[in-house]
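# Summary of the model geometry
The lines below spell out each chain.
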Amino acid sequence: MSKKRWYAALAILLAAALTVTACGPKKTEEVTKVRIGEVTRSIFYAPEYVAIAKGFFKEQGLEVDLTTTSGGDKTMTTLLSGGIDVALVGSETSIYVQQQGSGDPVINFAQLTQTDGTFLVARKPQTGTFDWNTLKGKTFLGQRKGGMPQMAGEFTLKKHGINPQKDLNLIQNVDFANIPTAFASGTGEYVQLFEPQATVIEKEGKGYVIASFGVESGRLPYTVFMAKKSFIDKNTNTIQKFTNAVQKAQNWVQTASVDEITDTIASFFQDTDKQIIQGVVKRYKDQGSFATDGIIDEQEWNNLQDVMEAAGELKQRADYKALVNNQFAEKAKQSVK
């Protein structure tokens, strides 16, 4: 090979090498794992499942490990002990932690639902506008004492001039998971139920939804993503990415149809009939239960404490600024489309 040809061959080899280098596999972005503990598996939390199913967390470089931690007390215990990084639970739990004098407060940073998620179910259908005074003297199967559903329920009853302890035969000793079964088997004339149990009982002809505690008790930070202050301080970038993904899911849920939302979250409820999921999504969407953004409004926070105070579960009112950090939700609302 002549010297001229040798140089030409070398030039081709060098060009090829540069091409491979330029077009070769890019360095993979670092993925951050976030462990979420949700208080229960519920269609009420549809935007959370949308964020997972549609890859919105993944787009932010987050790998989500979702666990159902079953109950507010257990969820908060798991968060405080470091078993999870982020909790999806009622914001009242952060107030309970503060009341116990925690040195590392739990901070609410992104709201997911903005109303109570329970409904009043009667054994017989109602005609016309429901008169809450009908409940007086009746046997009412309520929710667990101290929990947000029970507090929202009592707040609503008192708003309508009903003293739950004096005007009703109030039953509160049935475990949360067994309340629908107890009502279906004949306990109580009225019951306060979450979805999808309320819709299931309707479809079975064993009861009828006649009112919404979510509508009656008003807007409040009912279910919120929260984390220990120490975790947020050390992982501000991760919390921002997390909130961005939630906001994108919230935006999508607001514009998507009931059928689209149902198809997206159905894999999280494989034992639930698709028509049930559709009915529940529609009910929550129609009454505005899904928050449009993660910002926790101070007026809603105060309404939450009014509800807790009426139920006798609040030792003293909690400082909004001490337990709420809206900086991540505000930034996400402005930047995420």
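Computed from a prediction, not measured in an experiment: that's the story for all the values here. (Residues numbered from 1 in each chain as written. Predicted model: local features only at pLDDT ≥ 70, side-chain atom pairs only at ≥ 80, totals over all residues. Heavy atoms only, no water.)

### Quick word on the overall build of the protein chain
Looking only at helices and strands, one finds 17 helices and ten strands in the protein chain. Relative to its full complement of 337 residues, the protein chain shows a buried share of 50%. Counting only contacts in the protein chain whose residues sit at least 6 apart along the sequence, the fraction spanning at least 24 positions is 81%. As displayed, the protein chain has an accessible area near 16,300 Å², and 49% of this comes from carbon and sulfur atoms. (Helix = DSSP H or I, 4+ residues; strand = E, 2+ residues; numbered from the N terminus. Buried < 20%, exposed > 50% of the residue type's maximum accessible area, 1.4 Å probe, protein only. Contact = heavy atoms within 4.5 Å. Areas by Shrake-Rupley, 256 points an atom, 1.4 Å probe, with all protein chains shown as cover.)

### So, the packing of helix α2 (residues 46-53) against helix α12 (residues 236-255)
In contact at an axis separation of 8 Å, α2 and α12 are set at 110° when each is read in the N-to-C sense. Taken as axis vectors, α2 and α12 run roughly perpendicular relative to one another. Two secondary-structure elements touch here, α2 through Pro47, Val50 and Ala51 and α12 through Ala245, Ala249, Gln250, Trp252 and Val253. Among the residues forming the contact of α2 with α12, the class breakdown is seven nonpolar, one polar and no charged. (Axes fitted to C-alpha atoms, helices over the stretch in contact; angles between N-to-C directions. Parallel < 35°, antiparallel > 145°, perpendicular 65-115°, else oblique. Nonpolar A, V, L, I, M, F, W, Y, C, P; charged D, E, K, R; others polar.)

### Overview of the layout of surface pockets
Considering only enclosed or pocket space, the largest pocket measures out at about 520 Å³ in volume. If you trace the largest pocket, you find 25 residues lining it, with Val39, Gly71, Gly72, Arg144 and Pro149 closest to the centre. Counting residues per element, the lining of the largest pocket draws most heavily on helix α5 (residues 92-99), which supplies three residues. Taken together, the residues that form the lining of the largest pocket break down as ten nonpolar, ten polar and five charged. Its boundaries defined by the atoms lining it, the second largest pocket holds a volume of some 180 Å³. As for the second largest pocket, its lining consists of Thr40, Arg41, Ser42, Ile43, Phe176, Phe194, Glu195, Pro196, Gln197, Phe269, Asp271 and Thr272. (1 Å grid on protein atoms, 1.4 Å probe; cavity = no way out; pocket = protein on both sides within 12 Å on 5 of 7 lines; lining within 4 Å. Points joined across faces, edges and corners; volume = space filled by probe spheres on them.)

### Here we look at the pairing of strand β5 (residues 118-122)
In terms of burial, β5 is largely enclosed, as five of its five residues are buried. Looking at chain direction, β5 and strand β9 (residues 208-212) are connected through four bridges and run antiparallel. From the neighbouring strand, valine 121 faces β9, where its bridge partner is valine 209. (Pairing = 2+ DSSP bridges.)

### Quick look at the nonpolar core
Core analysis: the biggest nonpolar cluster contains 72 residues, and Phe109, Phe225, Phe242, Ile265 and Trp301 have the highest contact counts within it. Top element by residues in this core is α12. It accounts for seven residues. Among the nonpolar cores identified, the runner-up in size contains 13 residues, and Leu135, Phe140, Ile162 and Tyr190 belong to it. (Core = buried A, V, L, I, M, F, W, Y, C linked by side-chain atoms within 4.5 Å.)

### Some words on the sheet that holds strand β4 (residues 106-113)
Pairing within the open sheet is mixed, and its five strands lie in the order β2-β1-β3-β10-β4. For this open sheet the edge positions go to β2 (62-68) and β4, each flanked by a neighbour on one side alone. Strand-to-strand, the axes of this sheet are offset by a mean angle of 25°, without reference to chain direction. Sheet analysis places strand β1 (residues 32-38) next to β2, joined by seven bridges and oriented parallel. Bridged to glutamate 38 within β2 is threonine 68. Here α2 sits on the sheet and contacts β1, β2, β3 (86-89), β4 and β10 (223-228); the angle it forms with β2, its principal contact strand, is near 140°. Where α5 meets the sheet, it contacts β3, β4 and β10, and its direction lies at approximately 165° from that of β4.

### Observations regarding the sheet that holds strand β6 (residues 139-141)
Taking strand neighbours across the sheet as the criterion, the five strands line up as β7-β6-β8-β5-β9 in an open arrangement whose pairing is mixed. For this open sheet the edge positions go to β7 (169-171) and β9, each flanked by a neighbour on one side alone. Adjacent strand axes in the sheet meet at a mean angle of 30°, parallel and antiparallel pairs treated alike. Of the pairings in the sheet, the one linking β5 to strand β8 (residues 190-194) comprises five bridges and is antiparallel in character. Bridged to phenylalanine 119 within β8 is leucine 193. Contacting β5, β7 and β8, helix α6 (residues 148-159) runs over the sheet at an angle of about 135° to β8.

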